[in-house]
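# Summary of the model geometry
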Amino acid sequence: MGIWILFPLFVVVIALVPATANLEGDALYALRRSVKDPDNVLQSWDPTLVDPCTWFHVTCDSDNRVTRLDLGNAKLSGNLVPELGKLERLQYLELYMNKLEGAIPDELGGLKSLVSLDFYHNNFTGPIPPSLSKLSNLRFLFTNNPRLEGPELMGFVRYDAGRCN
């Protein structure tokens, strides 16, 4: 009988939790599961927490939506996951100087808010997804990914193939 008294309170609490926080947390946790993290930089990425905005290396806006992922020089290895395409307000994806490999998910081309994509010095393979050419504000850096192939996106988005300063 006591549980039924608390049930309405439980429903109210669940209703106040934004569903997007769970989707974004799930997307980030999918990344955590797909990479090796020898220095435990993703240790705070706890899937039982509703809000990924409390995780290290994740920045959010005032609506608790993920806008930045800073994992440069984190010694991560493994693959990116298509779930990253669910981070609808992501503006900065900084993954430079890791040991990431495999294909760049086509789903990243759906991130309309993305302005910076830094994959400098990884080991991605296969083609650069053509879907990235739809992001007119995007500046990206793919230098030192020797097994990454075109298409040449020059003219579609700002492409920086030069040195990192």
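In the block above lies the structure referred to throughout.
Here the structure is a predicted model, which means the values were calculated and not measured.

Moving on to the overall build of the chain. Scanning the chain for helices and strands turns up two helices and twelve strands. Overall, the chain shows an N-to-C arrangement of helices and strands of α-α-β-β-β-β-β-β-β-β-β-β-β-β. Put simply, of all contacts in the chain between residues at least 6 apart along the chain, 43% involve residues at least 24 apart. When the accessible surface of the chain is split by element, carbon and sulfur atoms take 56% of a total near 9400 Å².

Strands sit in the order β1-β4-β6-β8 across an open sheet of four strands; the sheet is mixed. The open sheet has two free edges, formed respectively by β1 (35-36) and β8 (123-124), since each of these has just one partner strand. Relative to strand β4 (residues 77-79), β1 runs antiparallel, the two being bridged by two bridges. The partner of V35 across the bridge, within β4, is G78.

Bridge count between strand β2 (residues 58-60) and strand β3 (residues 66-70): three bridges; the pairing is antiparallel. For T59, the partnering residue across the bridge sits in β3 and is R68. Between β2 and β3, which follow one another and run antiparallel, lie five residues, and N64 among them has a positive phi close to 60°.

Turning our attention to the pattern of salt bridges. If you walk through the whole model with that rule in mind, you get six salt bridges. One salt bridge connects R65 with E88, and the closest N-O pair in it is separated by 3.3 Å. In this pair, R65 sits in the loop between β2 and β3 while E88 sits in the loop between β4 and β5 (92-94), placing the two residues 23 residues apart along the sequence. Among the residues examined, E88 registers a relative accessible area of 54% and is labelled exposed. When salt bridges with common partners are traced through the structure, they connect E24, R65 and E88 into a single cluster.

So, about the side chain of T125. Mapped onto the elements of the fold, T125 is located in the loop between β8 and β9 (126-127). Other than its neighbours up to four places away in sequence, T125 contacts G102, A103, I104, R147 and L148.

A separate point is the state of the cysteines. Under the criterion given, the structure shown has one disulfide. Through a disulfide, C53 is tied to C60; the S-S separation comes to 2.0 Å. Sign of the S-S torsion, about -95° for the bond between C53 and C60, identifies this disulfide as left-handed. By relative accessible area, C60 is classed as partly exposed at 22%.

Conventions used here
- Residues numbered from 1 in each chain as written.
- Predicted model: local features only at pLDDT ≥ 70, side-chain atom pairs only at ≥ 80, totals over all residues.
- Heavy atoms only, no water.
- Helix = DSSP H or I, 4+ residues; strand = E, 2+ residues; numbered from the N terminus.
- Contact = heavy atoms within 4.5 Å.
- Areas by Shrake-Rupley, 256 points an atom, 1.4 Å probe, with all protein chains shown as cover.
- Pairing = 2+ DSSP bridges.
- Salt bridge = Lys/Arg side-chain N within 4 Å of Asp/Glu carboxyl O.
- Buried < 20%, exposed > 50% of the residue type's maximum accessible area, 1.4 Å probe, protein only.
- Disulfide = S-S within 2.5 Å.

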